[in-house]
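# Fold and contact review
Below are the chains, spelled out letter by letter.
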Amino acid sequence: MKSYILKRILSLIPVLLIVSIVVFMIIHLTPGDPAAVILGPEASHEDVKQLQEELGLNDPVYQQYFHWVEGVFQGNLGDSFFMDKPVTEAILEHLGPTISLAILSQITAILIALPLGIMAARKRGTATDQTFMGLSLLGISIPHFLFGLFLIIILAINLRWLPVAGYKPLSAGFWEHIKYLIMPAIALGTGQAALIARMTRSSMVETLNLNFIKTARSKGLHERKVIYKHTLRNAFIPILTVIGQTFGTLVAGAAVTETVFNIPGIGQLIINSVERRDYMVIQGTVLMVTLTYVLINLLVDLLYGVIDPRVRLKKES
Amino acid sequence: MTKRFKKLSWLITCLLLLSMALIGCSSDSDKQTKSASGEAVTKKGGDLHVAIDAQPPTLDPQISTTTATKEIARHIFETLLVLNPDYEVQPMLAESYDVSEDGLTYTFKLRQGVKFHNGKEMTAEDVVASMNRWLTKSTRAANAIGKGQFEEVDKYTVQLKIEKPTIGVLDVIASTNQFAGIMPKEIIDNAPKDGITEIVGTGPFKFVEWKPDQYIKVAKYDDYKPVDAPSDGLAGKKEALVDNIIFEVVTDGSTRLGGITTGQYQIAYQIPSDNYEQISSSSDMKPILNLYGGLSFVFNKKQGPFTDEKLRQAVNTGINNKDVLIGAFGNKKFYRLDNGLMYKDQKKWYTDAGKEYYNQNDKEKAKQLLSESGYKGEEIRILTTRDYEYSYNSAVVMKEELEKIGIKVKLDVVDWATLTSKRNDPAAWDAFITGFSPVSLPTQTLPLDPNYAGWPADEKLQQFTEQIRTAASDKDAYAKWEEMQEYAWKEYVPYIKIGDYYTFHVYRNNEIKGNTYFEGMILWNTSLTK
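Residues numbered from 1 in each chain as written. Chains lettered and ligands numbered in written order. Predicted model: local features only at pLDDT ≥ 70, side-chain atom pairs only at ≥ 80, totals over all residues. Heavy atoms only, no water.

Another point: the overall build of chain A. Per the secondary structure count, chain A includes 16 helices and zero strands. For chain A, the spread of C-alpha atoms along the three principal axes comes to 85 × 60 × 35 Å. At a minimum sequence separation of 6, the contacts of chain A that also span at least 24 residues come to 71%. Only carbon and sulfur atoms are counted for the fraction: they give 68% of the accessible area of chain A, which is about 15,300 Å². (Helix = DSSP H or I, 4+ residues; strand = E, 2+ residues; numbered from the N terminus. Contact = heavy atoms within 4.5 Å. Areas by Shrake-Rupley, 256 points an atom, 1.4 Å probe, with all protein chains shown as cover.)

Written out as structure tokens, the structure reads:
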């Protein structure tokens, strides 16, 4: 088990190296630069050139890359041109809102998806099944931000129950924190719920046909026990995979939804930094997001063993 | 199961009914608040929430030309001189000013007892450090003032010495964009290249906190010393009537609209023009239309087909400016057909010289000029961006207009940051569309600057610029400017000003009062009424 984890962690190194080179190349080969953005649209070409020189943007690209990588190995992701602070600090500041939103969205998604998926599997082929799966198809098809805009019109503008947009940290109070996140969490969560519900249904349907379920039923076990204790647990590995993947996507930042709801998270940080050509922040954030995504997937792999002892046994043998 | 379904559908129906009832209640309660409040009562203090559309790259007003920087920094920093709404120069941190007879020495007496937000008194050394830094940072200032230098005469007097007499020195010192904000000397001495890090000025509001991508908070400065004169635009008495202004960065237009509608913000910048009618008809909100600049089609005169003067004239003769403006802005409240390269509102410099060459829409004459030009059917590349919809939309109409007179066109659509970089490469484009905001002097007009993208390195144009700069009087300078504008429209055509355009901000008229607008929002003397 330990060597498995170690292997997975070591395999991160080439992934991160490739990601860093690709990201570095893409952003440095794209025209535009931070100096022009800082000085504004009506700045003269000479002023821009002078600031480029002063910011070290005229050094050869490979030299800039090695300089950056050297810093990364020392735990220094560089400084943001715009925020006047180290990239690590900027990422940490933007991580809070994203994590809160990701957790809340995931809870929303699971609360909607599991009951729907289970019910659809139990009522397979009936009108209930068709309706739920139709709804989930709709959930996948509607863009999150569009659903978000509908929520704003209904819950914020018409009913005035919730603020239109913005963010308050947890330190401002639990309700203050949550009330800004409810709408974006519903907008994101329903989309993710659709995916999880479909996976739950198909995995449950498959498991319900297996012999041990028939045995359990013939033993006279209560249906609730059959479904939740035997079927769900055995059907859970693919569901967990989808949950892990969707959570990974959420932590990487839901750029458009964060923009619509004005949540200063990772997604918005990436979008803004690309617009501003804040190279160091783009590089640092993408690297961090890659790392998180891979680590979440590793965690999901490890959880397989917790849920299904057969996986653990196979790995050990 | 059917029973459960019935229960569920009951529950959903009840929830729907409840929501509808609440929608009804919420609008009723609004009406009650209005009728109960009656006349707006001024409330001392409180927080003013302002939704701005972009995060400024820096709050250092001396280095950046971005609107967001100007809008926030004008509440924190002050200048020696300012403009009133008629674009007349008025003293602010200077108590008085005086120009020597030979026009080479400008003396500024400073107001005494003005304190920076860090408690230190503003004296000549701070002003000299600030103004000399500004002269090196602002190309426009350097262009207008030349190799001038500020010097300290005594603790409360500074002098600007210039090499040759030039007009408009005071206007440039008072200009609002990339303005000459006065800061403490120590902060300037320690400033990194990309802008100061300590935000300390003398304005009615002091900087408190900047949460990147969230908000910038400024608070009332208790030791602020106002000018003893009635408030007028940027001039006169300033008083902070709210405790804090929170500039919230809200990049999405519909989110700003939602927030101002529900009262989450009292002011929202740059609301999408499609919503103008909706806002105008609301009793809670008022639009502020503001002149944003001149939509302009800039030719590349260094390389490519548009180096040919006749071809530029053909384009100017053939296009229907009104169609381009409708395409770009839709509602006629958002544009104005006018050929003045300085704006109608700038009474001192405005002229309509050359108006017979503006908005001609004469396709036949254009084709004639095209045949006389050296154009051989090359594809013209128009550089544009979708980051500003009006830029892209006007490029689409321009493409059609040009094709009607027989010019082949290709749109090169890139993001804004790419556009600003690409336009500095003469080989990469033939024309681009952008807006130019008002400047204090005709000689500061960017698309007439030989170093600006488009490179109008025309001898006659430069002669005019020099003649305006060194004119003996404002009257002589104005006469030369009229000639220069006529020449620009009739012959050289360095760019086509398609028309003036406006954007709009919104404020909640029953929640705040006293806010005014001059080249940006003015939020001192503004109070909350709720």
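Let us look at the UniProt feature "transmembrane region" (unreviewed entry) in chain A. Following the UniProt record, one finds the feature "transmembrane region" (unreviewed entry) at residues 9-29, 99-120, 132-157, 177-197, 235-261 and 281-307 of chain A. Secondary structure across residues 281-307 of chain A comprises 100% helix and 0% strand; the distance between its end C-alpha atoms is 38 Å. (UniProt positions renumbered as here; feature names shortened; annotations may be inferred.)

This paragraph deals with the pattern of salt bridges. Residue and element names in this part refer to chain B. Inspection of every chain in the model, using the stated rule, returns 36 salt bridges over all chains. With its nearest N and O atoms 2.9 Å apart, the salt bridge here joins Asp500 to Arg336. Residue Asp500 is located in strand β17 (residues 495-508), and its partner Arg336 is located in strand β13 (residues 335-336); the two are separated by 164 residues in the primary sequence. Comparing Asp500 with Arg336 shows no difference in burial state: the two are buried. Here Glu401 and Lys363 are joined by a salt bridge, their closest N and O atoms 3.0 Å apart. Here Lys363 lies in helix α11 (residues 363-372) and Glu401 lies in helix α12 (residues 389-404), a separation of 38 residues in the sequence. (Salt bridge = Lys/Arg side-chain N within 4 Å of Asp/Glu carboxyl O. Buried < 20%, exposed > 50% of the residue type's maximum accessible area, 1.4 Å probe, protein only.)

Let us look at the pairing of strand β12 (residues 285-299) of chain B. Residue and element names in this part refer to chain B. Burial within β12 is extensive, with eleven of its 15 residues counted as buried. Pairing of β12 with β17 involves 13 bridges; the strand directions are antiparallel. Counted as the bridge partner of Leu295 is Gly499 from β17. In this sheet, strand β16 (residues 431-436) lies alongside β12 in antiparallel orientation, the contact comprising six bridges. Residue pairing across strands places Phe299 opposite Ala431, the latter belonging to β16. (Pairing = 2+ DSSP bridges.)

With that out of the way, let us pick up the interface of chain A and chain B. You'll often see interface size given as the accessible area lost when the parts meet. Contact residues are listed per partner, giving 50 residues for chain A and 50 residues for chain B. Of the roughly 4,100 Å² buried between chain A and chain B on both sides combined, carbon and sulfur atoms contribute 53%. The largest per-residue losses of area from chain A upon contact with chain B belong to A:Pro41, A:Glu42 and A:Arg160, which jointly make up 17% of the total buried on that side. When residues of the side of chain A that touches chain B are traced back to their parent elements, those giving at least two are α3 (34-39), α4 (45-54), α6 (87-122), α8 (144-158), α13 (255-260) and α14 (266-276) of chain A. (Buried area = accessible area lost by both parts, 1.4 Å probe.)

Below, the discussion takes up the side chain of B:Ser373. Residues and elements named next belong to chain B. Its place among the elements puts Ser373 in the loop between α11 and β14 (379-385). Among the polar contacts made by the side chain of Ser373, one reaches the main-chain carbonyl oxygen of Leu370 at a distance of 2.6 Å. When neighbours within four sequence positions are excluded, Ser373 is seen to be in contact with Asp308, Lys310 and Leu311. (Polar contact = N/O pair within 3.5 Å; in protein donor to acceptor, adjacent residues only side chain to side chain.)

Residue and element names in this part refer to chain B. In this structure, strand β6 (residues 149-154) lies alongside strand β7 (residues 157-161), joined through five bridges in antiparallel fashion. Counted as the bridge partner of Asp154 is Thr157 from β7. Linking β6 back to β7 in an antiparallel pair, the connection comprises two residues.

Right, let's get into the packing of aromatic side chains. All names here are of chain B. Under the criterion given, the structure shown has 24 aromatic pairs over all chains. Summarising the aromatic geometry, the rings of Tyr388 and Tyr390 are spaced 6.0 Å apart at their centres and angled 45° between planes, so their arrangement reads as tilted. Its relative accessible area of 35% is what places Tyr388 among the partly exposed residues. On the accessibility criterion, Tyr390 (17% relative accessible area) is buried. On the numbers, 4.9 Å between centres and 40° between planes, the contact of Tyr390 with Tyr501 is tilted. (Phe/Tyr/Trp six-rings, centres within 6.5 Å; stacked < 30°, edge-to-face > 60°.)

Residues and elements named next belong to chain B. Along the polypeptide, Arg133 turns up in helix α3 (residues 124-137). At 3.0 Å, the side chain of Arg133 and the side chain of Gln62 are in polar contact. For Arg133, the residues in contact, after removing those within four places along its chain, are Asp60, Gln62, Ile63, Met183, Ile188, Ala191, Gly195 and Ile196.

With that settled, the discussion passes to the confidence of the model for chain A. Close inspection of predicted coordinates is inappropriate for parts of the model with low pLDDT. Overall, the predicted model of chain A reaches an average pLDDT of 87, with 97% of residues at or above 70. Looking over chain A, one finds the lowest element-wise mean pLDDT in helix α16 (residues 309-316) of chain A, namely 63, and the highest in helix α9 (residues 174-179) of chain A, namely 93. (pLDDT = per-residue confidence, 0-100.)

Before going further, it helps to examine the nonpolar core. Among the nonpolar cores identified, the biggest contains 207 residues, and B:Leu80, B:Phe108, B:Phe150, B:Ile173, B:Phe297, B:Val315 and B:Ile407 are the most heavily contacted of them. Ranked by the residues each element gives to this core, the list is headed by helix α12 (residues 223-251) of chain A, at twelve residues. Residues lining this core come from more than one domain, with at least three contributed by each of domain 1 (49-284 + 509-528) and domain 2 (292-502) of chain B. If you look at the next biggest cluster of nonpolar residues, it comprises 18 residues, including A:Ala36, A:Val48, A:Phe82 and A:Tyr279. (Core = buried A, V, L, I, M, F, W, Y, C linked by side-chain atoms within 4.5 Å. Domains from an automatic or database assignment.)

Residue and element names in this part refer to chain A. Helix α5 (residues 61-73) packs onto helix α2 (residues 12-29) with a crossing angle of 140° between their chain directions and a minimal axis gap of 11 Å. One way to sum up the angle between α2 and α5 is to call them oblique. As α2 runs across α5, the sense of the crossing is right-handed. Seen from α2, the contacting residues are Leu17, Ser20, Ile21, Phe24, Met25 and His28; seen from α5, they are Val61, Gln64, Tyr65 and Trp68. In terms of residue class, the contact of α2 with α5 is built from seven nonpolar, three polar and no charged. (Axes fitted to C-alpha atoms, helices over the stretch in contact; angles between N-to-C directions. Parallel < 35°, antiparallel > 145°, perpendicular 65-115°, else oblique. Left-handed = near helix turned anticlockwise from the far one by under 90°. Nonpolar A, V, L, I, M, F, W, Y, C, P; charged D, E, K, R; others polar.)

This part is about the packing of helix α10 (residues 182-208) of chain A against α12(A). Residues and elements named next belong to chain A. Relative to each other, α10 and α12 sit at 150°, their axes nearing to 8 Å. The two elements α10 and α12 meet at a crossing, and its hand is right-handed. Mapping the contact onto sequence places Leu188, Gln192, Leu195, Ile196, Met199, Thr200, Ser203, Met204, Thr207 and Leu208 in α10 and Ile227, Thr231, Leu232, Asn234, Ala235, Pro238, Ile239, Val242, Ile243, Thr246 and Leu250 in α12. Residue composition of the contact of α10 with α12, grouped by class: 14 nonpolar, seven polar and no charged.

This next bit is on the sheet that holds strand β4 (residues 94-99) of chain B. Residues and elements named next belong to chain B. The four strands lie next to each other as β4-β5-β7-β6, forming an open sheet whose pairing is antiparallel. Every interior strand has two partners, whereas the edge strands, β4 and β6, have only one. Taken over all neighbouring pairs, the strand axes of this sheet differ in orientation by 20° on average, direction set aside. Two strands pair when backbone bridges link them, and strand β5 (residues 105-110) and β7 are joined in this way by five bridges, in the antiparallel orientation.

Glancing now at helix α9 (residues 309-318) of chain B. Residues and elements named next belong to chain B. Across the ten residues that make up α9, a large majority, eight, are buried. Three or more residues of α9 are buried, namely Leu311, Arg312, Gln313, Ala314, Val315, Asn316, Thr317 and Gly318. Turning to α9, the residues buried within the fold contact β12, α11, α12, α15 (474-492) and β17. Of the residues flanking the start of α9, the one acting as N-cap is Asp308, its side-chain oxygen 3.0 Å from the backbone nitrogen of Lys310.

Another aspect to go through is a nonpolar patch on the surface. Residue and element names in this part refer to chain A. Taken together, the side chains of Phe145, Leu146, Phe150, Ile153, Ile154 and Val256 define a hydrophobic patch exposed on the protein surface, amounting to about 510 Å² of accessible area. Broken down by element, the residue count for the nonpolar patch peaks at five residues, all from α8. With respect to the helices and strands, Phe150 occurs in helix α8. (Patch = residues over 30% accessible without salt bridge, like charges linked within 9 Å, V, L, I, M, F, W, Y side chains within 5 Å.)

Let us look at the domain arrangement of chain B. Residues and elements named next belong to chain B. The domain architecture assigned to chain B consists of domain 1 (49-284 + 509-528) and domain 2 (292-502). For domain 1 and domain 2, the distance between their C-alpha centres works out to 30 Å. The partner domain 2 presents 26 residues to the 20 residues of domain 1 that form the contact. Three residues, Tyr87, Arg140 and Ile167, lead the burial of domain 1 against domain 2; their summed loss comes to 35% of the area buried on that side. Our enumeration of links across domain 1 and domain 2 arrives at three salt bridges. Remark: the boundary between domain 1 and domain 2 carries five residue pairs in polar contact (both at pLDDT 80 or more). Secondary-structure elements contributing two or more residues to the side of domain 1 that touches domain 2 are α4 (139-145), α5 (169-173) and α8 (276-280). Top contributing element to the side of domain 1 that touches domain 2 by residue count: α4, with three residues. Among the residues making up the side of domain 1 that touches domain 2, the classes are represented as six nonpolar, eight polar and six charged.

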